[in-house]
Amino acid sequence: EDQVTQSPEALRLQEGESSSLNCSYTVSGLRGLFWYRQDPGKGPEFLFTLYSAGEEKEKERLKATLTKKESFLHITAPKPEDSATYLCAVQPSNDYKLSFGAGTTVTVRA
Amino acid sequence: SAVISQKPSRDICQRGTSLTIQCQVDSQVTMMFWYRQQPGQSLTLIATANQGSEATYESGFVIDKFPISRPNLTFSTLTVSNMSPEDSSIYLCSVVYQGVNQPQHFGDGTRLSIL
């Protein structure tokens, strides 16, 4: 069974204080690893897909990286608007379903 | 960008009743899914909505409790039947648009409370 573990559960940052979120996974062959952002009262918003170890994707202050066992979401010089819950999900090579981690809730204080 | 509309956005229901949630997409999609997100928890897949045939349910979810329809490529419904307080949750629809390696996009969910 596919498993996704995210750490930490919660992260409180000062504006401008860079940090990283971790997503560890086990999957029977990886089709893709996905990062989503979820704001309160909203559905998850797609951020990145990573397909193979060594791949990196960037969007504004966010950068996602992938190894064979984990992915990191780096937040560089965060702003209060980066406050959200960040979800990681894996998709196995033999299916289109997503298995989600529990998420990391990031709070950025001005 | 994807436009995925869910109705209702929230509801409060009495135990023992049923509620049907609608998911409407702005263009044809290849796949549609239904998820549940219980308070403070992550997303759990309920089923894959198959066009013109019975949905494919995940372990722990059954058709009698969560009947799903998908009559065409842009619309699906999820019914939560014979509701109990344990069904209080957020129910989310997701879709995959046509194209290679497309991600799932989510609606904003239906917040359901059972009294």
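Everything that follows concerns the structure shown earlier in this document.
Here goes a summary of the coordinates provided. (Residues numbered from 1 in each chain as written. Chains lettered and ligands numbered in written order. Predicted model: local features only at pLDDT ≥ 70, side-chain atom pairs only at ≥ 80, totals over all residues. Heavy atoms only, no water.)

### What to know about the state of the cysteines
All names here are of chain A. The test is simple: In plain terms, two cysteine sulfur atoms within 2.5 Å form what is called a disulfide here. Numbering of helices and strands runs from the N terminus, with a helix taken as a DSSP run of H or I at least four residues long and a strand as a DSSP run of E at least two residues long.
Throughout the structure, instances matching the rule amount to two disulfides over all chains. A disulfide bridge connects Cys-23 with Cys-88, and the sulfur atoms are separated by 1.9 Å. For the disulfide bridge between Cys-23 and Cys-88, the dihedral angle about the S-S bond is near -60 degrees, and by the sign convention the bridge is left-handed. In this pair, Cys-23 sits in strand S3 (residues 19-26) while Cys-88 sits in strand S9 (residues 84-92), placing the two residues 65 residues apart along the sequence.

### Some details on the sheet that holds strand S1 (residues 4-7) of chain B
All names here are of chain B. So the rule is basically this: Pairs of strands are assigned from DSSP output, requiring at least two bridges between the strands. Lines fitted to C-alpha atoms define the axes, with helix axes restricted to the stretch in contact, and inter-axis angles between N-to-C directions lie between 0 and 180 degrees.
In spatial order, the strands read S1-S3-S8-S7; together these four strands make up an open sheet with antiparallel pairing. The outermost strands of the open sheet, each flanked by one partner alone, are S1 and strand S7 (68-72). The mean angle between the axes of side-by-side strands here comes to 15 degrees, regardless of whether they run parallel or antiparallel. Direction of pairing for S1 relative to strand S3 (residues 19-25): antiparallel, over a ladder of four bridges. Paired with Gln-6 across the strands is Cys-23, a residue of S3.

### Points about the interface of chain B and chain A
Applied cut-off: The contact definition used throughout considers only heavy atoms, calling two residues in contact when any of these lie within 4.5 Å. Two parts lose some accessible area (1.4 Å probe) when they are put together, and adding that loss for both gives the buried area. Salt bridge criterion: a side-chain nitrogen from Lys or Arg within 4 Å of a carboxyl oxygen from Asp or Glu. The definition of a polar contact used here is a pair of N or O atoms within 3.5 Å, where within protein one atom must be able to donate a hydrogen and the other to accept one, and adjacent residues in sequence count solely through side-chain atom pairs. Just so you know the grouping, Ala, Val, Leu, Ile, Met, Phe, Trp, Tyr, Cys and Pro go in nonpolar, Asp, Glu, Lys and Arg go in charged, and all remaining residues, Gly too, go in polar.
Residue-level contacts link 17 residues of chain B with 17 residues of chain A. Taking both partners together, chain B and chain A bury about 1,400 Å²; carbon and sulfur atoms supply 56% of that area. Joining chain B to chain A, the criterion identifies two salt bridges. Between Asp108(B) and Lys42(A) there is a salt bridge; the shortest N-O distance is 3.8 Å. Linking chain B with chain A are eight residue pairs in polar contact (both at pLDDT 80 or more). At the level of secondary structure, the elements contributing two or more residues to the side of chain B that touches chain A comprise strand S4 (29-37), strand S5 (43-49) and strand S10 (104-106) of chain B. Take the side of chain B that touches chain A: its biggest share by element is four residues, from S4(B). When grouped by side-chain class, the residues that make up the side of chain B that touches chain A number eight nonpolar, six polar and three charged.

### Some details on the sheet that holds strand S8 (residues 70-75) of chain A
Residues and elements named next belong to chain A. Reading across the sheet, the five strands line up as S1-S3-S8-S7-S6 and stay open at both edges, with antiparallel pairing between neighbours. Two strands close off the open sheet at either side, each with one partner strand: strand S1 (3-7) and strand S6 (56-59). Strand-to-strand, the axes of this sheet are offset by a mean angle of 15 degrees, without reference to chain direction. As paired strands, S1 and S3 are joined by five bridges and run antiparallel to one another. When the sheet's bridge partners are listed, Gln-3 is paired in S3 with Thr-26.

### Section: the pattern of salt bridges
Note the cut-off: Note on exposure labels: buried denotes an accessible area under 20% of the residue type's maximum, exposed denotes more than 50%, and partly exposed covers the range between, all computed with a 1.4 Å probe on protein chains only.
In the structure shown here, the tally under the stated rule is eight salt bridges over all chains. For Glu55(A), the salt bridge goes to Lys57(A), with nearest N and O atoms at 3.5 Å. Classification of Lys57(A) as partly exposed rests on a relative accessible area of 29%. Residues participating in the shared-partner salt-bridge network are Asp95(A), Lys97(A) and Glu58(B).

### With respect to the packing of aromatic side chains
Note the following rule: Only centres within 6.5 Å qualify two rings of Phe, Tyr or Trp (six-membered ring in Trp) as a pair; their planes then separate them into stacked at under 30 degrees, edge-to-face at over 60, and tilted for everything else. The rule is short: NZ of Lys or CZ of Arg within 6 Å of the ring centre and within 35 degrees of the ring normal puts a charge over the ring.
Inspection of every chain in the model, using the stated rule, returns eight aromatic pairs over all chains. With centroids separated by 6.0 Å and ring planes inclined at 75 degrees, the aromatic side chains of Phe100(A) and Phe106(B) adopt a geometry described as edge-to-face. Placement of Phe100(A) in strand S10 (residues 99-100) and of Phe106(B) in strand S10 is noted, with the two residues assigned to different chains. The two residues Phe100(A) and Phe106(B) agree in class, both being buried. Ring centres of Phe61(B) and Phe66(B) lie 5.6 Å apart, and the angle between their planes is 65 degrees; on these two criteria the pair is classed as edge-to-face. The same class applies to Phe61(B) as to Phe66(B), namely buried. In this structure an aromatic cluster arises from ring pairing among Tyr36(A), Phe46(A), Phe100(A), Tyr35(B) and Phe106(B). Above the face of the Tyr96(A) ring, Arg31(A) is positioned so that its terminal group lies 4.2 Å from the ring centre.

Geometric values such as these leave the question of function open.
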